[in-house]
Structures are given as C-alpha cells and as structure tokens.
Amino acid sequence: MIESYLLKNIAGYIDGQWIAQADSGKTTEVFNPANGKTLAETPYMGTDETRRAIAAAKAARDTVPDVATRRGWLEDCYEALTAEKEEIGRILCLEHGKPWAEAQGEVDYAASFFSYFAGMMEDTLAPETLLEQAKDCRWTVHKRPIGVAGLITPWNFPIGMIAKKVAPALAAGCPLVIKPAAETPLTMIAMFQLLHERLDLPKGMINLVMGSSKEIGGEIMSSFDVPMISFTGSTEVGQLLVEQSSQHVKKLGLELGGNAPFIVLDDADLESAADNLIANKFRGAGQTCVCANRIFVQDGVYDEFVNKVVERVKKLKVGDGMDENTDVGPLINAAGFDKVHDHVKDALSKGASLVAGKHPDELDSGKNLFYTPTVVSDVTHDMKCCQEETFGPLLPLIRFETDAQALEMANDTQFGLASYVFGRDKERAHKLIGKLHFGHCGYNTGTGPAAHAPFGGFLHSGIGREGGVEGLMEFVESQTVPDGS
Ligand code: ADP
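Rules and cut-offs
Residues numbered from 1 in each chain as written. Predicted model: local features only at pLDDT ≥ 70, side-chain atom pairs only at ≥ 80, totals over all residues. Heavy atoms only, no water. Helix = DSSP H or I, 4+ residues; strand = E, 2+ residues; numbered from the N terminus. Rg over C-alpha atoms; globule rule 2.2 N^0.38 Å. Buried < 20%, exposed > 50% of the residue type's maximum accessible area, 1.4 Å probe, protein only. Pairing = 2+ DSSP bridges. Axes fitted to C-alpha atoms, helices over the stretch in contact; angles between N-to-C directions. Contact = heavy atoms within 4.5 Å. Domains from an automatic or database assignment. Buried area = accessible area lost by both parts, 1.4 Å probe. Polar contact = N/O pair within 3.5 Å; in protein donor to acceptor, adjacent residues only side chain to side chain. Salt bridge = Lys/Arg side-chain N within 4 Å of Asp/Glu carboxyl O. Near = heavy atom within 4 Å. Areas by Shrake-Rupley, 256 points an atom, 1.4 Å probe, with all protein chains shown as cover. Nonpolar A, V, L, I, M, F, W, Y, C, P; charged D, E, K, R; others polar.

*Asks:* Help me understand the overall build of the protein chain in this model?
*Replies:* If you tally the helices and strands in the protein chain, you get 15 helices and 22 strands. In terms of overall size, the protein chain behaves like a compact globule, its C-alpha atoms giving a radius of gyration of 23 Å where 485 residues would be expected to give roughly 23 Å. By its C-alpha atoms, the protein chain is 70 × 60 × 40 Å across when sized along the principal axes. The proportion of buried residues among the 485 residues of the protein chain is 57%.

Dropping the structure here:
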C-alpha cells in the first residue's frame, strides 16, 4: 500500500469534507502497473455522491470571490505544486508507471498552467467597453463564469490533464465537480489535499468524486445545474457525452483521440527528426494523444531514416519508472497491452516487417505489462496501426513518394489532433502544414502543447481548446450590458 504525507485521506471530497466511504460501501483497487501490487483502495461512488457534489458546487456558485482573490488561488496552487513536485511526481510514477523524470516533468507542466492563467486572467477577464455605441447606448461585455463545471480526465497525464482544466475554471470562477480516471486517482487526491490545506476556497468550490463512470458521468450530464463539462478521453465516450448533452444544451470542451501523422520529407535533418520522433513516440510508453501514430517517410531517405530510428529504439531501456535508468515504463493495463499486441500481429500478418522489438509471440500481458518498443516497416493504410491510435510503444513506418501523397495519407483519418512535419525548406513544409487538418502541427519539433498555446482537435478529435486565451474562455460566458444613461 502506498504511504505518503500527501495522501492522509484516500477519499473523495464533497462540500469541503473528505468522504472515505462510498454510499455503496464498495471500493476500487488502484494498482502499480510495474509490479501489479495494490497501492490503495478508493471509494466507489455513484449517483448520490455526485448529486451531493453538484449541490455543494451549486451552493458555492454565488459565493465566488472577485478576480484578484481567484488569482491568489492560482498563485498558491502554483507554489504548492512546485514545492511538492517530488512527492506528487513519486505518487504519479507509482500509479501510472511513467519514468521518474517524466513524472516530475509532468508536475512542472501542471504548475505552468496555474502560473500562466494567474498571469493573464485579470486582463483577459476585464470587462470590455465596445467602441461603437449601438442604439445610443454604451455597450460593455462582462466575462461571467459559466457556472458549475464537470471535469472528467483520463489516466495518461494524471495531473497535467486536470491542471489545464482546473486552472482556467477557477480563474473564471466556476465551482467544480471532478472525476479522475479509475486507474490514477491518487495524484488527484494528493492535489486536493494541497488545495484543501493551502487555499482558502469557499466550501463546495471543488469536489472530487470517483467510482462508477457511468453513474457519475450520467448524473453530471443529466443535471441542469452543470452547464458545462470539460472532458479528455476517448472519442467513443466523447460521442456519448455529445448525445447526453442535448437535454440541457450543455457547453462541451472535448479533447478526444488522435492518429498523429509524423512526416519526414527528403530534405529533413534526419538526426534531429529521429531524435524528436523517439522523444515524442515513447513518452508515457506511447500512451499520449499527441504521440506520432503513423510515420510517413519519403522514398529517398526511407532506408537511412529507418536505420537511425532502429538504432535509437534498440537503446531504450524498459522497466519500472521508479528506476532512474528507465526510458519506457509499463503500459497502464492488460487491455492497453493487448491493443498494441494486436496491432503488431495485424501489421505482420498483412506484410509489414518487424525491424526492432520482439515478435508478438514472445510478449504476453498475463506475465507483465512491459511492452518492448517495436518498429515495423513497410506499413500500409489497411493495417490497424494506421486506422486506430495504438496508444503504445509501436512505431510504424510508411513510405511515400510525393508531398501530395504524404498530405493525402496524413489527412486520411477522422482524427485531427497532433501532426508533425520535418523538412529544411520552410516554404515547402508550410504548404503542407496549411493543408493538414490537425489542431497542432509541430514543424521540425515533436514538442506537445504548452500552457500559453491553445491546444485541441479538428473533426473527431474534439471541440474547443485548452491553454491560451481560448482555454480560459471555455469557462466564460459573455454578458453584454447596454447602458443608456
Ligand atoms: P481511456 O481509454 O483513456 O481510458 P476513456 O474515455 O475510457 O478513455 O476514459 C476517460 C475518462 O472518462 C475516465 O475518467 C473514465 O472513467 C471516464 N468515462 C468512461 N466512461 C464514461 C461515461 N460513460 N461517462 C462519463 N465518463 C466516462
């Protein structure tokens, strides 16, 4: 069992109180994916706890203080996360499995959202007087909080994903009902302990419920008192939320699945492209929505690039994230492992070649969750690894001849989250970038989102943006006030 001074309560949090027991009396086990050992048992909550959390958040709605006070909350959060980075990173590493340095980096990333929004919120939320005096009135646009917001997050960035929602939501003045993923609730509980101890929040301003996704999600979606939800997760669940949002015309922020193309043109710096690809692809063991999923390499440099990639992949050390030499940790669960396994088997059965990694017959989720980083070449569009997000350490290489062909293949997906283009000729690369249907396009970099830049997807990858001014406006409603006097 995990021991931590940031986990005094392994509990939900409703109306300013820790709730250690679910009404049902049931619990959920949280495992360390590196060794299968139980870390904790969390309360398995459902409809009734969610209803109470919503009621508490609704009651807090009219007690939300002014923007300067809220700015203080964000600054305090930033300081708390920065001061407790090592311990939060340790909890994250244990429940998620990602390497220690990545886990520590994720806490910095989370903290950056609090400092960014703290720095810009007063200016961005200031009322704006319109220049044109329509109807002989002076028009002022006020930026009001939308109301109670439901926040639902996945397991792949246990603190990063919630920070990019909580920071702008508190900045805007929205009380919150939050549901973490069942696999990684402990990092979030630790964050709540910091918020509970270090911030002077009104009771009910932040609430944490965990347990039945169906019941918690269902209650949030059917409640008139939650006008907005911000969700990060699969497109399947996102689509369900879209359906469930119709009754109360909820505002939706959805960050869903990806199928990121990574295009290497024949004038690219191949060393840099290979380094960026490895860093991008194997972060979180390939379990991120911005991980390159389809690697398109131009004919003339294909063989050379494959060699560079294989050389690097063979050096990656797989192991427990707590071991400082580990580059790639375990997958989160057997279902995640089996999906990668299935994609490799499917690619090999349809004619791809295994150029790095183990044959799938040598790997079994029944033994452990460590999947050897794998590279397959001569991949074609009909293979599952091109059609779906693998969400694991599989790197499929696809050959192309012309830029037009690369563009057509890259855009041949329902998803539109991250994409990458590598090539020295800026004009040529930007011709492609302008036509890629993706919300994020790294040019000569595999870098992912940052707090000050709006991030989100086109098409089936979602609705809305996180980070940047856009990320704050997700939680804001404009109220126009014409003043005739
Ligand atoms: P992933 O494949 O990353 O786990 P999911 O979409 O299944 O993606 O999960 C993302 C988040 O959505 C998690 O917190 C999960 O518990 C939650 N979730 C799953 N099903 C539902 C649902 N029916 N309603 C609301 N939230 C859900």
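*Asks:* In this structure, what is going on with the sheet that holds strand 13 (residues 292-298)? I would like to understand it.
*Replies:* Neighbouring strands of a sheet are bound in pairs by backbone hydrogen bonds; such pairs are parallel or else antiparallel. If you walk across this open sheet you meet the 7 strands as 14-15-16-13-12-18-19, and the pairing is mixed. The sheet is open, and its two edges are formed by strand 14 (353-356) and strand 19 (440-443), each paired on a single side. Strand-to-strand twist in this sheet, taken as the mean axis angle between neighbours without regard to direction, amounts to 25 degrees. Each of strand 12 (260-264), strand 13 and strand 16 (394-400) touches helix 13 (residues 403-410); the most contacted strand, strand 16, lies at about 140 degrees to it. Sheet strands in contact with helix 14 (residues 426-433) are strand 12, strand 13, strand 18 (418-422) and strand 19, and its direction is about 165 degrees off that of strand 19.

*Asks:* What exactly am I supposed to notice about unusual backbone geometry here?
*Replies:* A negative phi holds for most residues other than glycine; trans holds for most peptide bonds. The phi dihedral of K135 falls on the positive side, at around 50 degrees, and the residue is not glycine. Among the structural elements, K135 can be located in the loop between strand 5 (128-129) and strand 6 (138-145). Taking relative accessible area as the criterion, K135 reaches 74% and is therefore assigned exposed.

*Asks:* For this particular structure, what's the right way to read the sheet that holds strand 6?
*Replies:* Strand order in the open sheet formed by 3 strands is 5-6-22, and the pairing between neighbours is antiparallel. The sheet is open, and its two edges are formed by strand 5 and strand 22 (476-483), each paired on a single side.

*Asks:* What's the story with the domain arrangement of the protein chain in this structure? I'm lost.
*Replies:* Note on interface size: it is often stated as the accessible area lost on association of the parts. Segmenting the protein chain into domains produces domain 1 (12-256 + 461-483) and domain 2 (260-450). Across the boundary between the two partners, domain 1 contributes 25 residues, which contact 26 residues of domain 2. Between domain 1 and domain 2, the buried area comes to about 2,000 Å², and carbon and sulfur atoms account for 64% of it. At the level of secondary structure, the elements contributing two or more residues to the side of domain 1 that touches domain 2 comprise helix 3 (85-96) and helix 4 (100-125).

*Asks:* Where do I start with the environment of N35 in this structure?
*Replies:* Its location among the elements puts N35 in the loop between strand 3 (27-31) and strand 4 (38-43). Here the alpha-carbon distance between N35 and F370, two residues 335 residues apart in the chain, equals 9.9 Å. A distance of 2.9 Å separates the side chain of N35 from the backbone nitrogen of K37, its partner in a polar contact.

*Asks:* Help me understand the pattern of salt bridges in this model?
*Replies:* Side chains carrying opposite charge are able to pair once their charged atoms draw close together. Evaluated as defined, the whole model comprises 25 salt bridges. When the shortest N-O distance is used, the salt bridge between R428 and D267 registers 3.5 Å. Of this pair, R428 sits in helix 14 while D267 is found in the loop between strand 12 and helix 9 (270-282), placing the two residues 161 residues apart along the sequence. There is no split in this pair, since R428 and D267 are both buried. Ionic pairing is found between R428 and D403, a salt bridge with its closest N-O pair at 2.7 Å.

*Asks:* Would you mind going over the site of the ligand with me for this structure?
*Replies:* Near the ligand lie 14 residues; those nearest to it are T153, K179, S213, F231 and S234. Contacts to the ligand include S213, whose side-chain N or O atom sits 2.8 Å from an oxygen atom. One of the side-chain nitrogen or oxygen atoms of S234 is found 2.7 Å away from an oxygen atom of the ligand. Here the ligand has 550 Å² of accessible area as a free molecule, and 77% of this is covered by the chains. Among the elements of the structure, helix 7 (213-222), strand 10 (228-232) and helix 8 (235-244) are those that each provide at least two residues to the shell around the ligand. Partitioned by chemical class, the residues of the shell around the ligand number 7 nonpolar, 6 polar and 1 charged.

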